[in-house]
Amino acid sequence: MRRILPAALVALLLALTSCAAAGPDGAPDSPPAGLPSASRQSPAQAERTMAGLRRVDDLPLYEMTYVGAYDPTVGTDATPSSPFGCSLFVAAGDPGRTLFARNFDWEANPALVLRTDPPDGHASISLVDISYLGVGADPTGDRRLLDAPLLPFDGMNERGLAVGLAADDGATVRPDPGKPTVGSVRILRLVLDRAATVDEAVAVFTRYNLNIDGGPALHYLLADATGASAVIEFVDGELRVERGTGGWQALTNVPVVGVPEQRRRADRRYGLIATALTDSGGVLDAGAAHRVLAGVRQGHTRWSVTYGLRTGEVRLVTAGGGERRYQLPMS
């Protein structure tokens, strides 16, 4: 968590929210009137968030900084309709410059680069397909964007922990009646807010049932600033974890847990990534990683992104070829 507001502005916001029902930390227990269900913002914070929205690319791609708090366990969930695929990898051959990379292959929807800094969690930067909020190509003034923190499709937090998802048609989830249930995209927000390492991220996954109703089942790639990585899959209803070894780990849309490497490489995209990472010893800078991502692009690739897990550098290339760079201060 990073405090980013000047003291005078904090005092003003506290004054503005003094009449709202609040929890022990001063945040509203429920959304103020007119705000989406996940928002725990004051009206002033919501207005600042919406006022900061801007379009930066013809994808269309937008940027927004979320001001204030939210409840990551309530509100909207994504129900993706068709598993077009994705490609992800971790290059950790040099643990001093671990890099997380991914292509998001999906429908032609608008996207959002979202910065969050929740008062009770880690600051992060993530990418959101805002169509799953019910938002159209021009989201200006649409307050459903205030639920955007709930649906990161990939992202990195200030501790150097990154996570991304891909469709896995064969996955099945067997609910544990003793655990709360969250959406299969929503879990990424809980990981980004609460985990600093791969071990902590895996522990977040184990505390919840994942709801995959209404959309394709998913599997996940995790990595942290130390070079540790892991794939999480659901095999025969059970959560399974495969830790990265050999300086890299990759994920497309074929199962990897318990599957021999030779069979994994029969998948074209996985095979191309694996060859590139093997040849490089798992050491790639952002430029080289984007060349690997370009080699496995599909006609419906919406964005390609790399996250520097020690540097905080984010490089994003959209479907039209536009490039944006961001810097997340690391703690």
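Scope of this entry: the structure provided in the associated data block.

Conventions adopted
- Residues numbered from 1 in each chain as written.
- Predicted model: local features only at pLDDT ≥ 70, side-chain atom pairs only at ≥ 80, totals over all residues.
- Heavy atoms only, no water.
- Helix = DSSP H or I, 4+ residues; strand = E, 2+ residues; numbered from the N terminus.
- Contact = heavy atoms within 4.5 Å.
- Areas by Shrake-Rupley, 256 points an atom, 1.4 Å probe, with all protein chains shown as cover.
- Salt bridge = Lys/Arg side-chain N within 4 Å of Asp/Glu carboxyl O.
- Buried < 20%, exposed > 50% of the residue type's maximum accessible area, 1.4 Å probe, protein only.
- Pairing = 2+ DSSP bridges.
- Axes fitted to C-alpha atoms, helices over the stretch in contact; angles between N-to-C directions.
- Lys, Arg positive; Asp, Glu negative; His and termini not counted.
- Polar contact = N/O pair within 3.5 Å; in protein donor to acceptor, adjacent residues only side chain to side chain.

### Overview of the overall build of the protein chain
- For the protein chain, the count of helices and strands is 7 helices and 17 strands.
- For the protein chain, long-range pairs separated by at least 24 residues make up 66% of all intrachain contacts whose partners lie at least 6 apart in sequence.
- Here the protein chain has roughly 13,000 Å² of accessible surface; of this, 52% comes from carbon and sulfur atoms.

### Points about the pattern of salt bridges
- Within the structure shown, the criterion is met by 17 salt bridges.
- For Arg324, the salt bridge is made with Glu63, and the minimal N-O distance between the two is 3.1 Å. Placement of Arg324 in strand β17 (residues 323–327) and of Glu63 in strand β2 (residues 61–65) is noted, with a sequence separation of 261 residues between them.
- Its relative accessible area of 25% is what places Arg324 among the partly exposed residues.
- For Arg186, the salt bridge is made with Asp77, and the minimal N-O distance between the two is 3.2 Å. Of this pair, Arg186 sits in helix α3 (residues 186–194) while Asp77 sits in the loop between β2 and β3 (86–91), and the two are 109 residues apart along the sequence.
- The exposure class of Arg186 is buried, given its relative accessible area of 2%.
- Taken together, the salt bridges that share partners define one network made up of Glu242, Glu261, Arg264 and Arg265.

### Considering the sheet that holds strand β14 (residues 248–251)
- The strand order across the open sheet built from 6 strands is β14-β3-β4-β15-β16-β17, with neighbouring strands paired in antiparallel fashion. Two strands bound the open sheet, and with one partner strand each, they are β14 and β17. Strand-to-strand, the axes of this sheet are offset by a mean angle of 10°, without reference to chain direction.
- Here strand β15 (residues 301–308) runs beside strand β16 (residues 313–318); their pairing, made up of 5 bridges, is antiparallel. Its bridge partner being in β16, Ser304 is matched across the sheet by Val317.
- On top of the sheet, helix α7 (residues 286–295) reaches β3, β4 (99–105), β15 and β16; it is set at about 155° to β15, its chief contact.

### Quick look at the pairing of β3
- For β3, the buried fraction is high: 6 of the 6 residues fall into the buried class.
- Residues of β3 alternate between two faces, with Cys86, Leu88 and Val90 on one and Ser87, Phe89 and Ala91 on the opposite face, all of them buried.
- Sheet topology note: the β3/β4 ladder contains 6 bridges and is antiparallel. Paired with Ala91 across the strands is Leu99, a residue of β4.
- Both β3 and β14 contribute to a ladder of 4 bridges, which runs antiparallel. Paired with Phe89 across the two strands is Ala250, which belongs to β14.

### Some details on the sheet that holds strand β13 (residues 238–243)
- With respect to topology, 9 strands assemble into an open sheet ordered β1-β2-β5-β6-β7-β8-β11-β12-β13, the strand pairing being mixed. What marks the edges here is a single partner per strand, and that holds for β1 (54–57) and β13. The average angle at which neighbouring strand axes cross in this sheet is 20°, direction not considered.
- Sheet topology places strand β8 (residues 162–167) next to strand β11 (residues 218–223); 6 bridges connect them, and they run antiparallel. Residue Ala166 lies in a different strand from β11, and its bridge partner there is His219.

### Some details on the side chain of Asp267
- By the secondary structure assignment, Asp267 is in the loop between α5 (261–264) and α6 (268–279).
- Buried and unpaired, Asp267 has Arg269 as its nearest opposite-charge partner, separated by 4.8 Å.
- Of note is the side chain of Asp267, whose polar atom sits 2.9 Å from the side chain of Thr252.
- Apart from the residues lying within four places of it in its own chain, the contact partners of Asp267 are Thr252 and Val254.

Nothing here speaks to function; it is geometry throughout.
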